[in-house]
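# Examination of the molecular architecture
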Amino acid sequence: MTLQAERVVWHRGGALVVDDVTLRPAPGTTVGLLGPNGSGKSSLLRLLGGTAKPDSGVVTLDGAELRSLTRRDIARAVAVVSQHADTDVDIRVRDVVRLGRIPHRDSFGTASATRDEEAVAEALRHTGLTDKADQRWDTLSGGERQRAHIARALAQEPRELLLDEPTNHLDIRHQLELLSLVSRLPVTSVIALHDLNLAATFCDEVIVLERGRAVAGGSPREVLTAELIARVYGVRARVGVDDRDRLTVLFEPGPLDESAELTPEDAPRPW
Amino acid sequence: MTTPVTDGAGSESRTSPGNTLRVVLLLVGGVVAVALSVGAAITLGPADVSLVNVRDVLLNHLGLADIPVRVVKDAIVWEERLPRALTAAAAGAGLGICGAVMQSLLRNPLADPFLLGISSGASTGAVVIGVLGVGGSVIGLSGGAFIGALLAFALVMLLARLAGGGTDRVILAGVASTQLFSALTSFVIFAFADADETRGVMFWLLGSLEGVRWDDVVLCAVVVAVGIALCLAYSHALDAFSFGDEIAASLGIAVARVRLGLLVLTALITATLVSVTGAIGFVGLVLPHAARFLFGPRHAALIPATALIGAVFMVWVDAVSRVAFQPTPLPVGVGTALVGVPAFVLILVRKRRAP
């Protein structure tokens, strides 16, 4: 029992953005949400985080309906790293990470101070930010900011971590570092991703969304096929397995109608 | 959460109890500074009053001593200058925290307590009572200002809600409402007021602590004290707004409810202060920034720091406005900007040089 979505539907501004999606991540796994822009990845994450309510269907946390829980109860189990979370406030990294302790305070803010400081120090260590703890937010690079957000989410000590395109704007090294960090954490993670190779490398399971509907789900190897990529993304791709038995996806520019030549994906083979 | 991670980063955390101690010391120093400022401000003015006189009068009235003081001096200190200095301190503290809270809630460094139409609504309410004489004897100028301020605020919240909520809609609704009520005020003045009434209203609009009495002191002090306590209780929620609504919600804050509650609180504080002192500008806009420069952005320190800086600042500005152009008093709203802007520029420049 963890965070689960059962047949959730959400209309946003009149448009159907999430259409009858069911998501049941196994505890401790890393689940990738894939799909083109506007396919409903961020919207599904907002439903899972409880910042939006589904029109029908339910999101449950340990079997309890999310809307029956207080925001603080949810925040003690579910942490969110959203896109575009920036600030003009002249705040230090340590104070950003401390924000993650807010759900653990009672209303007068008298939580255990030592427990808080331990969680903050550990989150900084996990994300390699210990040396930057006293640096100001506006001096951080894009990658450091993203890591600071993840540290803040870790300080929350969640069981579920929801990340919306966390690798955006990161260079390749930081993309790899960040996702290997997330996939090693003893939490259940749901990550919206654009990069199919990163998804294949780090996710135990992927769900592919298309116009709000889940059109495929399963292990990356089952799901990421040339046909599916052609159908959902409208892009020609070659899917194979490299000499170290890793799934790789290569893209071909050009129109789709030559897709007949593509590698049949049902049996991904070395090339 | 104990996954072993072998990033070579140093494991010792530089938590700084020294920092907390520094903040506490500065806050204690701030309280002392407010008390000393009030005492010193009382000695300024045409009638000669010494610090010893001030101490004697205070001890007498608190029933701690029975020291002979001339009746005139006693009246000047106890009936005139002390209530005035205390009201100035409360107004400075109140406007300061309202500005800090508004800037954090709306995530806009240009937000101030008057952004949501409160000062223009108050002035409309005041001129409707003062110039048109509607119900004047019952509620008075202050009552009219209070009602006008809250009506304007209610209009802003209604407009913002109709426009779909969100911080930018709140700000736009505030701008629209401020323009509307300013126009209404001007209309009433031009259409109905004579020269004396106009001058009186203008003076009031710029802010004035002339003739405040002990019941004003009590009203302002109680409202501001309750306001500071509530803002402190919500200081972590205010911190959570740093990265926007979505993150605040994910940190367990009931965003819509907390924001509405705190906006109503700041509106009530501001409306109360405006009804007593008129619209004193600058304090709520700039002093929270000064406090952030000195004490950092965490609201548990920022709220009391802003309150103390605001209190000291207003006590001195009011004292200077009172005596600078004797016998003509300067509207305190003029003084806040004349004294405050150079002070703020000094902080900006010094902060830039600091490493």
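For the structure, check the block above.
Summary of the structure given here.

As a further point, take the overall build of chain A. For chain A, the helix and strand inventory stands at nine helices and 12 strands. For chain A, whose C-alpha radius of gyration is 20 Å, the value lies close to the compact-globule estimate of 18 Å for 271 residues. The buried share among the 271 residues of chain A stands at 54%. Contacts in chain A between residues at least 24 apart in sequence constitute 62% of all its contacts with a sequence separation of at least 6. Total accessible area computed for chain A in this model is approximately 11,800 Å², and 49% of it derives from carbon and sulfur atoms. Taking the average location of the 34 positive side-chain charges in chain A and that of its 41 negative ones, the two points are 4 Å from each other.

What follows concerns the pattern of salt bridges. All names here are of chain A. Evaluation of the coordinates by the stated rule reveals 30 salt bridges over all chains. Among the salt bridges present, the one from D20 reaches R7, with a minimum N-O distance of 2.9 Å. Of this pair, D20 sits in strand β2 (residues 15–23) while R7 sits in strand β1 (residues 3–12), and the two are 13 residues apart along the sequence. Under the relative-accessibility criterion, R7 is labelled exposed at 53%. For D62, the salt bridge is made with R159, and the minimal N-O distance between the two is 2.9 Å. Taken together, the residues D62 in the loop between β4 (56–61) and β5 (64–65) and R159 in the loop between α5 (142–155) and β7 (160–164) connect sequence positions 97 residues apart. Judged by its relative accessible area of 37%, D62 falls in the partly exposed class.

Moving on to the nonpolar core. For soluble globular proteins, the rule of thumb is that nonpolar side chains tend to be buried together. If you look at the biggest cluster of nonpolar residues, it comprises 147 residues, and the most contacted ones within it are L34(A), V97(A), I150(A), L116(B) and I253(B). With 17 residues, the single largest contributor to this core is helix α3 (residues 71–105) of chain B. Membership of the second largest hydrophobic core comes to 27 residues, among which are A5(A), V8(A), L66(A) and I207(A).

Let us look at the sheet that holds strand β3 (residues 30–34) of chain A. Residue and element names in this part refer to chain A. Read across the sheet, six strands follow the order β6-β7-β8-β3-β9-β10 without closing on themselves; strand pairing throughout is mixed. The outermost strands of the open sheet, each flanked by one partner alone, are β6 (78–81) and β10 (213–218). For this sheet the average axis-to-axis angle between neighbouring strands, irrespective of direction, equals 15°. Both β7 and strand β8 (residues 188–192) contribute to a ladder of five bridges, which runs parallel. Looking at the pairing, L161 lines up with S189 of β8. Relative to β7, helix α1 (residues 41–49) is tilted by about 155°, and along the sheet it contacts β3, β7, β8 and β9 (205–210). Sheet contacts for α5: β6 and β7; angle to β6, the most-contacted strand, approximately 170°.

Time to look at unusual backbone geometry. A positive phi angle, close to 60°, is found at D20(A), a residue other than glycine. Positive phi is not limited to glycine here, since F282(B) has a value of about 75°. Within the secondary structure layout, F282(B) lies in the loop between α11 (255–277) and α12 (283–295). On the basis of relative accessible area, F282(B) is assigned to the buried category, the value being 15%.

Quick look at the environment of R211(A) now. Along the chain, the position of R211(A) falls in the loop between β9 and β10. Spatially, the C-alpha atom of R211(A) lies 26 Å from that of Q175(A), the residues being 36 residues apart in sequence.

The next subject is the side chain of R292(B). All names here are of chain B. Mapped onto the fold, R292 is located in helix α12. Look at R292: it is buried, it has no salt bridge, and the nearest opposite charge is D239 at 8.8 Å. Once residues lying within four places of it in the same chain are set aside, the contact partners of R292 are A100, Q103, S104, P297 and L302.

Once that is clear, we can look at the sheet that holds β5(A). Residues and elements named next belong to chain A. Read from one edge of the open sheet, four strands run β2-β1-β4-β5, paired in antiparallel fashion. In the strand order of this sheet, the two ends are held by β2 and β5, each with one partner. For β1 and β4, the ladder comprises five bridges, and the chain directions are antiparallel. Of the residues in β4, the one forming a bridge with E6 is V58. Contacts between α1 and the sheet are confined to β1, β2 and β4, with β1 contributing the most and set at about 120° to the helix.

Accessible area lost upon the coming together of the parts is a frequently used measure of interface size. Each side of the interface is counted separately: chain A has 45 residues, and chain B has 30 residues. Summing both partners gives a buried area of about 3,300 Å² for chain A against chain B, and 60% of it is carried by carbon and sulfur. Inspection of the chain A/chain B interface yields two salt bridges. In this structure, E246(B) and R46(A) form a salt bridge, with 3.2 Å as the shortest nitrogen-oxygen distance. Our count for the chain A to chain B interface comes out at six residue pairs in polar contact (both at pLDDT 80 or more). Listed by contribution, the elements that provide at least two residues to the side of chain A that touches chain B are α2 (71–75), β6, α3 (93–98), α4 (113–126) and α5 of chain A. In terms of residues, the side of chain A that touches chain B owes the most to one element, α4(A), which gives five residues. Considered class by class, the residues forming the side of chain A that touches chain B number 17 nonpolar, 11 polar and 17 charged.

The rules behind these values
Residues numbered from 1 in each chain as written. Chains lettered and ligands numbered in written order. Predicted model: local features only at pLDDT ≥ 70, side-chain atom pairs only at ≥ 80, totals over all residues. Heavy atoms only, no water. Helix = DSSP H or I, 4+ residues; strand = E, 2+ residues; numbered from the N terminus. Rg over C-alpha atoms; globule rule 2.2 N^0.38 Å. Buried < 20%, exposed > 50% of the residue type's maximum accessible area, 1.4 Å probe, protein only. Contact = heavy atoms within 4.5 Å. Areas by Shrake-Rupley, 256 points an atom, 1.4 Å probe, with all protein chains shown as cover. Lys, Arg positive; Asp, Glu negative; His and termini not counted. Charge placed at Lys NZ, Arg CZ, Asp CG, Glu CD. Salt bridge = Lys/Arg side-chain N within 4 Å of Asp/Glu carboxyl O. Core = buried A, V, L, I, M, F, W, Y, C linked by side-chain atoms within 4.5 Å. Pairing = 2+ DSSP bridges. Axes fitted to C-alpha atoms, helices over the stretch in contact; angles between N-to-C directions. Buried area = accessible area lost by both parts, 1.4 Å probe. Polar contact = N/O pair within 3.5 Å; in protein donor to acceptor, adjacent residues only side chain to side chain. Nonpolar A, V, L, I, M, F, W, Y, C, P; charged D, E, K, R; others polar.

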